Amino acid sequence: MVTSQDPGSALAAYAALYVEQEVRAEGLARDVGSFSRFLEAAAFSHAATLNVSELARECETSRTTVAGYLELLEDLLLSFRLPVFTRRAKRRLVAHPRFFYFDCGVYRSLRPAGPLDRPTEIAGPALEGLVAQHLRAWLAYSRADARLYYWRTRGGAEVDFVIYGATGFWAFDVMNADRIRPADLRGLTSFGDEYPEARRVLLYRGSRRIVRRDVLCVPVEDFLRALDPERGLEDASGAGG
């Protein structure tokens, strides 16, 4: 994809290749046309809390069929789901996982865009997906004794990513903006009230590493570039120095 003269077309062809070769050839889905429509509809759930019943209504098919499609996507390594972090929970939490396509470029190739779609509606989830990709890769290649979650209360307080295990306890929020408002810290502040042991980091599009309300705010590009399997999250975030 990196060396392609037309990355957008290459990404679209990648998804089409999976539908044609994996789904049709192997007979993994009875109705390939319905599965293709599902791929597009699922793009609207990328980086969001997954509601299978709602997605089934959008696809105009049964909940059982969509549940099977989701399992098929995961079997093909085209998507993954993040569970809710529920350890020692004091508040009522949502039950549904978050859904992600495995690659933010594939997500963007599948996500329809038109005059009624604001760029931020696509760019925000894409950035969250990019961070998710890097965190999952770091956990896998570093062989960290930890798992990746997210956190969301019934009241709407949310943290995009939680890493919990023997390796450490971290909470990350991702913001597709270069300025930080007080409202942008609410999720991490709520999480800190419940889990004061967690290190809290806001990844944003700015250029300065600052601390706001006991939350470390780090340029997302700097964090992703510094994330290395041979080093800890302290090094990538600068929390150790």
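Above this text sits the structure in question.
The numbers attached to residues start from 1 for each chain and follow its sequence in the written order. Residues qualify for local features only when their pLDDT is at least 70, as the model is predicted, and side-chain atom pairs are given and counted only at 80 or more; totals for whole chains, interfaces and linings, by contrast, use all residues. Hydrogens are left out, water is left out, and the side-chain values use all remaining heavy atoms of the structure.

Caption draft 1: View of the layout of surface pockets. Cavities and pockets were defined on a 1 Å grid built from protein atoms only: a cavity is a group of points that admits a 1.4 Å probe but offers it no way out, a pocket is an open group of points flanked by protein on both sides within 12 Å along at least five of seven lines, and a lining residue is one with an atom within 4 Å of any such point. Grid points are joined across faces, edges and corners, and a volume is the space filled by probe spheres set on the points. In this structure, the largest pocket encloses a volume near 420 Å³. Lining the largest pocket are 18 residues; nearest its centre among them are Glu-128, Asp-160, Asp-173, Val-174 and Met-175. For the lining of the largest pocket, the class distribution of residues is seven nonpolar, four polar and seven charged. Each residue receives one of three labels: charged for Asp, Glu, Lys and Arg, nonpolar for Ala, Val, Leu, Ile, Met, Phe, Trp, Tyr, Cys and Pro, and polar for the others, Gly being one of them.

Caption draft 2: Structural detail: the nonpolar core. The criterion is simple. A nonpolar core is a set of buried Ala, Val, Leu, Ile, Met, Phe, Trp, Tyr and Cys residues joined through side-chain atoms within 4.5 Å. Buried means the residue's accessible area, taken with a 1.4 Å probe over protein chains only, is under 20% of the maximum for its type, while exposed means over 50%, and partly exposed covers the values in between. One finds Leu-135, Phe-161, Ile-163, Phe-172, Phe-191, Leu-203 and Phe-223 to be the most contacted residues of the largest nonpolar core, which totals 53 residues. With sequence-adjacent residues up to four places away left out, Leu-203 is seen in contact with Val-131, Phe-172, Asp-173, Val-174, Met-175, Val-218, Val-220 and Phe-223. Core analysis: the next-biggest nonpolar cluster, separate from the first, contains 26 residues, Ala-41, Leu-70, Leu-72 and Tyr-101 among them. When checking whether two residues touch, look at their non-hydrogen atoms; a contact exists if any pair is within 4.5 Å.

Caption draft 3: Representation of the sheet that holds strand E9 (residues 215-219). Should DSSP find at least two bridges between two strands, the strands are regarded as paired. Labels follow the DSSP assignment, with helices taken as runs of H or I lasting at least four residues and strands as runs of E lasting at least two, numbered in each case from the N terminus. With mixed pairing, six strands are arranged side by side in an open sheet as E4-E5-E6-E7-E9-E8. Edge strands, defined here as strands with exactly one partner in the open sheet, are strand E4 (146-152) and strand E8 (210-212). Each adjacent strand pair in this sheet contributes to an overall mean axis angle of 30°, direction not counted. Lines are fitted to the C-alpha atoms to define the axes, a helix being fitted only along its stretch in contact, and any angle between axes, read from their N-to-C directions, falls within 0 to 180 degrees. Lying over the sheet, helix H6 (residues 119-141) contacts E4, strand E5 (158-165), strand E6 (168-174) and strand E7 (199-204), oriented at roughly 0° with respect to E5. Packed on one face of the sheet, helix H7 (residues 186-194) meets E4, E5, E6, E7 and E9 and runs near 160° to E6.

Caption draft 4: Seen up close, H7. Burial analysis of H7 places seven of its nine residues in the buried class, the great majority of the element. For H7, the complete set of buried residues consists of Gly-187, Leu-188, Thr-189, Ser-190, Phe-191, Gly-192 and Glu-194. In the core, the buried residues of H7 are packed alongside E4, E5, E6, E7 and E9.

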